[in-house]
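Structural features, examined
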Amino acid sequence: MGYYLIISWNVTNKCNLLCEHCYRDAGKKVENEMNTQEGKMLLEEIAKAGFKIMVFSGGEPFLRDDILELTSHAASLGLRPVYGSNGTLLTRDLAEKIKEAGGASVAISLHMLSREKLDKFCGMKGTFEKSLEAMKNCFETGLPFQVNTTVFGRNMEEVEQICVLAKEMGAKSHHVLFLVPTGRAENIEEESLKEKEYERFIRVLLKKRKDLDFDIKPTCAPQFMRIAKQLNIDVGRYTRGCLAGISYCSIIPNGDVWPCPYLPLKVDNVRDASFSEIWAKNPVFQRMRTLEYTGQCGICEFKEMCGGCRARAYFYYNDYMAHEPWCSYKRSGD
């Protein structure tokens, strides 16, 4: 399959926020996080495996002292270093240093427009102002950025306004992540969008994408590919919904390899085997690439462009090849 390979490395579990939805349950640094030398060797293996986009995430990646050193090494290998950040530490000086090190883009989180609610949700005062300041710092230094928002019941009515704000701030895109109940997000599982609401909100976002002429991408909602086709809405460079195990995987701070950050299934560890071998030969990845899903996903005519959310299938059915639990599409054979 000719997909662009993307990998996310949670470089640390340390974070200065305590967001209620955090899939990593981040906060404190864990004792067995990979060191600088291990990280550089991992980046070399990632490049060897043919990956192109290297996502440094966390926790908060900018709490790691060697993040710029790792960035430079990644760039020297031909990888495109990007970051998943809460934005609260992203000063103008840091933005300039990221550019100098070869960093290509930063994803900055913004989940609510209510300052009071966001502060409570993230566990720190001033989160909203710091996130907007980070966007401004990126824009003024010429460092491309996108805005990431996780959508769930509590903030659903604010998301369209955040789309507008993201464009106004100069973001290149707005990724709206649908809540997956893993990590601390298990505690707010009841707020995740389900069935008809899930489908309806994907349509809302795709219509907003068209109306704003702005790159708005529903994420962890692979049905957006099928819905965009049905609505005849161009989704640009996106070619498939769920990428887990096919053209994407993640590595957590201790070196365990997972199919995606929201699917907590250890397939191996990069301290025990080379990443390039894990990616090429691991049985879990090989099975995911067959697209031989069970249940309704297995007979859906859109399975090649959608794939259903493998992380939700794993959470609700303990089977990463099961059908997407909240997809309401009437599939072939129904």
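Notes on the structure in this doc start here. Per chain, residues are indexed from 1 in the order of the written sequence. It should be noted that, the model being predicted, local features are given only for residues of pLDDT at least 70 and side-chain atom pairs only at 80 or more, the latter also being counted only at that level, while totals for whole chains, interfaces and linings use all residues. Hydrogens and waters are ignored; side-chain quantities use all the structure's heavy atoms.

1. Looking at the overall build of the chain
Under the convention used in this document: Working definition: helices are DSSP H or I runs of at least four residues, strands are E runs of at least two. Numbering for both runs from the N terminus. Only the protein chains shown count as cover for residues, and the accessible areas themselves come from Shrake-Rupley with a 1.4 Å probe.
Scanning the chain for helices and strands turns up twelve helices and ten strands. Projected onto its principal axes, the C-alpha positions of the chain cover 55 × 45 × 35 Å. Accessible surface for the chain amounts to roughly 14,200 Å². Of this, 49% is attributable to carbon and sulfur atoms.

2. Digging into the sheet that holds strand β7 (residues 216–219)
Note the threshold: What makes two strands pair is DSSP finding at least two bridges between them.
Spatial ordering of the open sheet is given by β7-β6-β5-β4-β3-β2-β1-β8-β9-β10, a layout of ten strands whose pairing is mixed. Only two strands of the sheet have a single partner each, and these edge strands are β7 and β10 (268–269). Here strand β4 (residues 105–109) pairs with strand β5 (residues 145–151) via four bridges, running parallel. Within the sheet, the bridge partner assigned to Ile 108 lies in β5 and is Val 147.

3. Structural notes on empty space enclosed by the protein
The test is simple: Here the term cavity refers to a set of points on a 1 Å grid, laid over the protein atoms alone, in which a 1.4 Å probe fits but cannot get out; the term pocket refers to an open set having protein on both sides within 12 Å along at least five of seven lines, with lining residues being those that place an atom within 4 Å of a point. Grid points are joined across faces, edges and corners, and a volume is the space filled by probe spheres set on the points. The nonpolar class holds Ala, Val, Leu, Ile, Met, Phe, Trp, Tyr, Cys and Pro. Asp, Glu, Lys and Arg form the charged class, and all remaining residues, Gly among them, are polar.
Under the definition given, this model contains two cavities of 30 Å³ or more. What the largest cavity holds in volume is close to 100 Å³. Forming the walls of the largest cavity are 14 residues, and the residues nearest its centre are Cys 297, Cys 300, Cys 306, Gly 308 and Cys 327. Per-class residue counts for the lining of the largest cavity are seven nonpolar, three polar and four charged. Looking at the second largest cavity, its volume works out to about 30 Å³. Val 151, Phe 178, Leu 179, Ser 192, Leu 193, Tyr 198 and Arg 312 are the residues that line the second largest cavity. Residues belonging to the lining of the second largest cavity are distributed by class as follows: five nonpolar, one polar and one charged.

4. With respect to the packing of helix α4 (residues 115–122) against helix α5 (residues 127–141)
Between two packed helices, both the angle of their axes relative to each other and the distance between the axes serve to describe the pair. We count it as follows: Convention adopted: a line fitted to C-alpha atoms gives each axis, helices being fitted over their contacting stretch, and angles between N-to-C directions are expressed from 0 to 180 degrees. Any angle between 65 and 115 degrees counts as roughly perpendicular, while under 35 counts as roughly parallel, over 145 as roughly antiparallel, and the rest as oblique. Throughout, a contact is declared for two residues whenever any of their heavy atoms are within 4.5 Å.
Taken N-terminus to C-terminus, the directions of α4 and α5 make an angle of 95°; their axes are 8 Å apart at the nearest point. The angle between α4 and α5 places the two elements in the roughly perpendicular class. For the pair α4 and α5, contact is made by Arg 115, Leu 118, Asp 119 and Cys 122 and by Thr 127, Phe 128 and Glu 129, respectively. Of the residues belonging to the contact of α4 with α5, the class tally is three nonpolar, one polar and three charged.

5. Topic: the pattern of salt bridges
To keep things clear, this is the line we draw: Whenever a carboxyl oxygen of Asp or Glu lies within 4 Å of a side-chain nitrogen of Lys or Arg, that contact is scored as a salt bridge. Burial classes follow relative accessibility: with a 1.4 Å probe on protein chains only, a residue under 20% of its type's maximum area counts as buried, one over 50% as exposed, and anything between as partly exposed.
Taken as a whole and assessed by the stated rule, the structure comprises 21 salt bridges. In this structure, Glu 38 and Arg 271 form a salt bridge, with 2.9 Å as the shortest nitrogen-oxygen distance. A residue pair is termed long-range when its members are at least 10 positions apart, and Glu 38 in helix α1 (residues 36–48) and Arg 271 in the loop between β10 and α9 (275–281) qualify at 233 residues. With relative accessibility at 37%, the residue Arg 271 sits in the partly exposed group. Residue Lys 194 is joined to Glu 189 by a salt bridge in which the shortest nitrogen-to-oxygen separation is 3.5 Å. What you see here is one network of salt bridges that share partners, running through Glu 20, Arg 154 and Glu 191.

6. Side note on the packing of aromatic side chains
Inclusion rule: Centres within 6.5 Å make a pair out of two Phe, Tyr or Trp rings, where for Trp the six-membered ring is used; the pair is then stacked when the planes are under 30 degrees apart, edge-to-face when over 60, and tilted otherwise. Distance and angle both matter: a charge sits over a ring if NZ of Lys or CZ of Arg is within 6 Å of the ring centre and within 35 degrees of the ring normal.
As enumerated under the stated definition, the model contains 14 aromatic pairs in all. Relative to Tyr 238, the ring of Phe 224 lies with its centre 6.1 Å away and its plane at 80°, an arrangement referred to as edge-to-face. With Phe 224 in helix α8 (residues 224–231) and Tyr 238 in the loop between α8 and β8 (248–251), the pair connects residues that are 14 residues apart, well separated along the chain. Each member of the pair, Phe 224 together with Tyr 238, is buried. Looking at Lys 217, its charged tip hangs above the ring of Tyr 238, at a distance of 5.4 Å from the centre. Against the face of Tyr 293 rests Arg 310, its NZ or CZ located 4.2 Å from the ring centre.

7. Here's the deal with helix α7 (residues 195–212)
We count it as follows: Take the number of residues in a helix, subtract one, and multiply by 1.5 Å to get its expected span.
The end-to-end C-alpha separation of α7 is 26 Å, in line with the 26 Å expected for 18 residues at 1.5 Å each. Those residues of α7 that are buried lie in contact with β5, α6 (159–169), β6 (173–178), β7, α8 and α12 (310–317).

8. Some thoughts on the nonpolar core
Going by this rule: What makes a nonpolar core is a set of buried Ala, Val, Leu, Ile, Met, Phe, Trp, Tyr and Cys residues whose side-chain atoms join them at distances within 4.5 Å.
Core analysis: the largest hydrophobic core is formed by 107 residues, its most contacted members being Ile 46, Phe 56, Phe 178, Ile 251 and Phe 275. When residues of this core are assigned to their parent elements, the largest contribution, seven residues, is made by α7. Not counting residues up to four positions away in its chain, the partners in contact with Phe 275 are Ile 7, Leu 42, Glu 45, Ile 46, Ala 49, Phe 51, Cys 249, Ile 251, Val 257 and Val 270.

9. Focus on the environment of Tyr 293
Basically, it comes down to this: Two N or O atoms count as a polar contact when they lie within 3.5 Å, although within protein this holds only if one can serve as hydrogen donor and the other as acceptor, and sequence-adjacent residues are included solely when both atoms are side-chain atoms.
Looking at the element boundaries, Tyr 293 is found in the loop between α10 (283–288) and α11 (295–299). Each C-alpha atom, one on Tyr 293 and one on Cys 22, is 28 Å from the other, the two residues being 271 residues apart in sequence. In this structure Tyr 293 touches Arg 240, Ile 246, Met 288, Gly 298, Lys 303, Gly 307, Arg 310 and Met 321, once residues within four positions along its chain are discounted. A polar contact is formed between the side chain of Tyr 293 and the side chain of Arg 240, at a distance of 2.7 Å.

Such coordinate-based values are descriptive only and should not be taken to indicate function.
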